[in-house]
Amino acid sequence: MEGIFKIIITTSFYASIVGLIIILIKHMLSNRLNPKWHFLIWSVLLVKLIVPFGPESPFSLFNAVSRVTDSPPVTMVYEQTYPATTPTELTQQQYQPNPSQNLETQVQQTSGLTSGVEKGLPYIWLFGATVLMLWLLYTNFTLHRRLRNSQTQVPEPINVIFEECKRRIGISREIEIIVQDTIETPSIFGMITPKILISPKTLELNDTEISYILLHELAHYKRKDLLTNYLLLGLQVIHWFNPVIWYCFRMIRRDMEIAADDKVLSVLKRGEEKEYGKALLTVLESFNTSRFLPKLIGMVDDNRNIKRRINMIKTAELFKSKKSIFLFTGVLSVVLLSIFLLTNPLTAKDPYEVEETKVYHADTLIEFKNPYVGDASNVGNLISHLPYAEFRDGMSLQTENNPYGITVKYDFTSSDIDRSLFESNLHNNALVIFALIDNVDKIDFNLTMGSEERKFHFSREQLQQNFENDLREYATDRSDFEILLNSIGLKFQINTPKYTPAMSSTPGIRIIAKYKGTADEVRYSTPSGSFLSWHGKVSQLGSSTELPYDSAIYWSPLDGSGNYVELDKTSGIPVYVSVYSYGAKVAEKQLLIHNDDVGFYTVKPGHDVLVGQTIDQAISQAVKDQGHYRVGEVATEGHILLDTEVEDGVTTAYTIASFGYFGFENGIFTKISGSGAIPTVITFKQNEYGQYIMLTYQEPMDGAGYLDSVKKMFPERYWTDVFPEGNRYLGLQQQQEEQASEYLKSIGRTATVQASHVEKKLPQISVPASNTLFAKYTKYDSFLNTCPYWIGSTETIENGERYIYETTQSKTDDGYDLVSFFKSKEDGTVVQEARYKIVGDEPQLITP
């Protein structure tokens, strides 16, 4: 239901834009379109409503419009927090999913996690559409019943006039005329068995006026207006909530009447136009507009449109004399509007797509293999076969002393080439040169762009870090050199660039190899650490493994037993990656992971390393955004990612999620509101910066429909994970406690952190007195309402200052129970207080 409603909202939004633009164009071309094309131009809107998603085009007007389907348009950015525990205290068990809460016992806590309004909107729409549809069916049924009871015999002269009208307009089908007193306005209705309705009052007109009325109704039938009207009714049922669509449909029906007039005028003899106009005015004066009967198409119209129709009749000769011009204008308008309004905006470009300005040809380039940079002719010819050769403005060689180098000058002053690709393409050029010229150690590219200058420097050592083998070795063999060139299109997508085993939300650094070319398998190996997969549970893959292309893999500094391995902190930890297609290696590179002295493992962004937002970060932010609970000091979440699926650019995340607000109760930083473990399915779409935009957030239904809704949300292979036996979701609480601990650390506060319930001692007074004091009095007193209902304290932040609310119980001098409420600053200064003496069942306020 939610998916259907979202499509309808999106369609309605875009169609509203189309409708408003059509109204504007029609106003601009008011006298340059004949009535037929004023009506036909609306076909663009109808097509948009029926087929909302057209082909992508750079000409689409919607390239300038934010996509509704990508709402909410808020970029999710979430910085991973790390617990205070040192990595040396941890084992592999700490990042494996370790759920501990029984999901069945937590179902009752799911109520209210998502906004009731948002979840109810699809059903409000369905209710409105159903009511409107039932009303249409009721009016149709009522009309048929009343017509059966009120129709009378048609006079023979009317039948004769009617047959002549059918002949003139070119209709041979049998169409029934019904004389009745239910509908006063001449009308036509019925798509399968069309009927023309006239009233006894119509019979009082002269034969000419009657013939014009019948011709007008027959024109509607000839033009298929009945079918159009039924289509409009169906679309109005779907888009009943959109006033713009209703207004556009009203305009369509007005243009339909004018187009029917134009059709009648096309079969009249010269000079009859004025008589038809007079007949139209006579009908307007003689008949009242019927109450809204949506299935009828009648000749009578509102006064404003009648004026338009009369003006059109006056200029009918102009439309006939310049028919070809109006035809050209109409066709051109519909074609252009279709190009701009029936096409979809271009899909955002894949941020991992490798772009080059020129293809590198192995057979050509390997001919320039040379051990010496001093061969200026060879170096010059090589550079002439690389991208940007046509912009080369000079070259110099440094061959006297080590390090040997090349400086290439380019002049882009008169070029509008994409400057954002300079660094990437020159990096690739340098890679090719280092492979083919054995003793070159550095390359400088100096670019001139008018008054602007840019310089790019590359060293052999810098580019060599991306490859296990010496770059020069690749150029000794044509097939190896082809692998090197292919490797230009191999990048690493890193979604956890900074990792420590203390992180419980991921088992390691997440790596996905992205290759521009055909690939079906990726092989990984490393001399240090191990590889893991994570599909609901962590699986050991050892120090070398092979996976299907585009699969995620996790590198961990721990071995299979959860122990740290000896790591080289000087040169980095290499991860060797080879890409295969049909069993043959097509590309290879290495990824370096660095280890600092405080236990963090990092991957630095670079030309070959693309760091975007992690799916875990996106899920974390999405869960927090859904937390509609009593607000505490800090929002936390915990989630277990069972798996992700990617289809048509949409990532579906299957998770178990929990939300919690933390605040102080009795000096303990605890979860004061939130949810239990909820099976949740979230869909995302990545933007051009690699960040995830949430599309949908789905939770199971509460109550009796819970189990069935979970099964509909999750593929069967995950049912054992979302319907666990026993306590399995302690990991969710641990994640929330870690985030709460980080918050305390950020504000310099030390306190016990626990997600579980804090034990509370209630005041020892009678039940009636307790109800009066903590239910009745607090209802209208915000101070009392903020104070705890137990003997203890809570804390709040008000206008940036911390206040402590405390409830105490003691005895008065005369032996009665005394319940006191205090609001204090951190330094102990009391800013507000109230004391109640409990006399029997009645709390009595003690005034100072």
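Keep in mind it's a predicted model, so treat the numbers as computed, not measured.

Asker: Tell me about the overall build of the protein chain, and name the residues and values.
Answerer: Assigned secondary structure in the protein chain consists of 25 helices and 31 strands. Buried residues in the protein chain amount to 51% of all 848 residues. Considering only residue pairs separated by 6 or more positions, the protein chain has 67% of its internal contacts joining residues 24 or more positions apart. If you sum the accessible surface of the protein chain, you get close to 40,500 Å²; carbon and sulfur atoms cover 52% of it.

Asker: Requested: an account of unusual backbone geometry, with residues and values cited.
Answerer: Of note, the amide linkage connecting Asn402 to Pro403 takes the cis form, showing an omega dihedral of -5 degrees. Following the sequence through the fold, Pro403 ends up in the loop between strand S5 (392-398) and strand S6 (405-411). Even without a glycine there, the phi angle at Asn666 is positive, about 55 degrees. Classification of Asn666 as partly exposed rests on a relative accessible area of 28%.

Asker: Quick one: what's the story with the sheet that holds strand S9 (residues 490-494), residue by residue and with numbers?
Answerer: Spatial strand order, S14-S13-S16-S11-S9-S20: six strands in an open sheet with mixed pairing. Whereas interior strands pair on both sides, the edge strands pair on one side only; in this sheet they are strand S14 (538-542) and strand S20 (609-611). Sheet twist, expressed as the mean angle between neighbouring strand axes with direction ignored, is 35 degrees. Both strand S11 (residues 509-515) and strand S16 (residues 553-556) contribute to a ladder of three bridges, which runs antiparallel.

Asker: Provide a residue-level description of a nonpolar patch on the surface, including the pertinent values.
Answerer: On the surface, Phe59, Leu61, Leu327, Phe328, Val331, Leu332, Val335, Leu336, Ile339 and Phe340 cluster together into a nonpolar patch covering about 870 Å² of accessible area. Turning to its location among the elements, Val331 is positioned in helix H13 (residues 323-341). Judged by its relative accessible area of 36%, Val331 falls in the partly exposed class.

Asker: Tell me about the sheet that holds strand S19 (residues 601-602), and please be specific about residues and values.
Answerer: What the six strands build is an open sheet, ordered S10-S19-S18-S17-S12-S15; its pairing is antiparallel. Unpaired on one side and paired on the other, strand S10 (498-499) and strand S15 (544-548) mark the two borders of the sheet. With two bridges connecting them, strand S18 (residues 584-595) and S19 associate as antiparallel partners. By the bridge assignment for S19, Asn595 is matched with Tyr601.

Asker: Any details on the packing of helix H6 (residues 156-169) against helix H7 (residues 207-222)? Residues and values, ideally.
Answerer: Where H6 meets H7, the closest approach of the two axes is 9 Å, and the angle between their N-to-C directions is 45 degrees. Viewed along their axes, H6 and H7 adopt a mutual orientation that is oblique. The element H6 and its partner H7 pack so that their crossing is right-handed. Contact with H6, carried on its side by Ile158, Ile161, Phe162, Cys165, Lys166, Arg168 and Ile169, involves Asp207, Ile210, Ser211, Leu214, Leu215, Leu218, Ala219 and Lys222 of H7 and no other residues of that element. A per-class count over the contact of H6 with H7 returns ten nonpolar, one polar and four charged.

Asker: Give me the pairing of strand S7 (residues 442-449): which residues, what numbers.
Answerer: Two strands pair when backbone bridges link them, and S6 and S7 are joined in this way by seven bridges, in the parallel orientation. Bridge assignment links Gly405 to a residue of S7, and that residue is Lys442. Counting the residues between successive antiparallel strands, the hairpin from S7 to strand S8 (residues 452-459) contains two residues, one of them, Gly450, with a positive phi of roughly 70 degrees.

Asker: Describe the nonpolar core, naming the residues involved and giving the relevant values.
Answerer: One finds Tyr410, Ile433, Phe445, Leu447 and Phe481 to be the most contacted residues of the largest nonpolar core, which totals 43 residues. Elements with a contribution of two residues or more to this core: helix H14 (362-365), helix H15 (376-384), S6, helix H16 (422-436), S7, S8, helix H18 (471-474) and helix H19 (478-486). Per-element accounting of this core gives the leading share, nine residues, to H16. Among residues more than four places away in sequence, those in contact with Phe481 are Ala362, Leu365, Ile366, Val432, Ala435, Leu436, Tyr474 and Ala475. Of all hydrophobic cores here, the second largest spans 35 residues; its members include Ile177, Leu205, Ala219 and Ala279.

Asker: So what about H15? Which residues, and what values?
Answerer: Within the span of H15, buried status applies to Asn378, Val379, Gly380, Leu382 and Ile383. Where H15 is buried, its residues touch H14, S5, S6 and H16.

Asker: Report on the packing of aromatic side chains, specifying residues and quantitative values.
Answerer: The final tally for this structure, using the stated rule, is 29 aromatic pairs. Residues Tyr14 and Phe62 carry aromatic rings whose centres are separated by 4.7 Å and whose planes lie at 65 degrees to one another, so their mutual orientation is edge-to-face. Of this pair, Tyr14 sits in helix H1 (residues 2-28) while Phe62 sits in the loop between helix H3 (43-50) and helix H4 (103-106), and the two are 48 residues apart along the sequence. Judged on exposure class, the residue Tyr14 and its partner Phe62 are both buried.

Analysis parameters
Residues numbered from 1 in each chain as written. Predicted model: local features only at pLDDT ≥ 70, side-chain atom pairs only at ≥ 80, totals over all residues. Heavy atoms only, no water. Helix = DSSP H or I, 4+ residues; strand = E, 2+ residues; numbered from the N terminus. Buried < 20%, exposed > 50% of the residue type's maximum accessible area, 1.4 Å probe, protein only. Contact = heavy atoms within 4.5 Å. Areas by Shrake-Rupley, 256 points an atom, 1.4 Å probe, with all protein chains shown as cover. Pairing = 2+ DSSP bridges. Axes fitted to C-alpha atoms, helices over the stretch in contact; angles between N-to-C directions. Patch = residues over 30% accessible without salt bridge, like charges linked within 9 Å, V, L, I, M, F, W, Y side chains within 5 Å. Salt bridge = Lys/Arg side-chain N within 4 Å of Asp/Glu carboxyl O. Parallel < 35°, antiparallel > 145°, perpendicular 65-115°, else oblique. Left-handed = near helix turned anticlockwise from the far one by under 90°. Nonpolar A, V, L, I, M, F, W, Y, C, P; charged D, E, K, R; others polar. Core = buried A, V, L, I, M, F, W, Y, C linked by side-chain atoms within 4.5 Å. Phe/Tyr/Trp six-rings, centres within 6.5 Å; stacked < 30°, edge-to-face > 60°.

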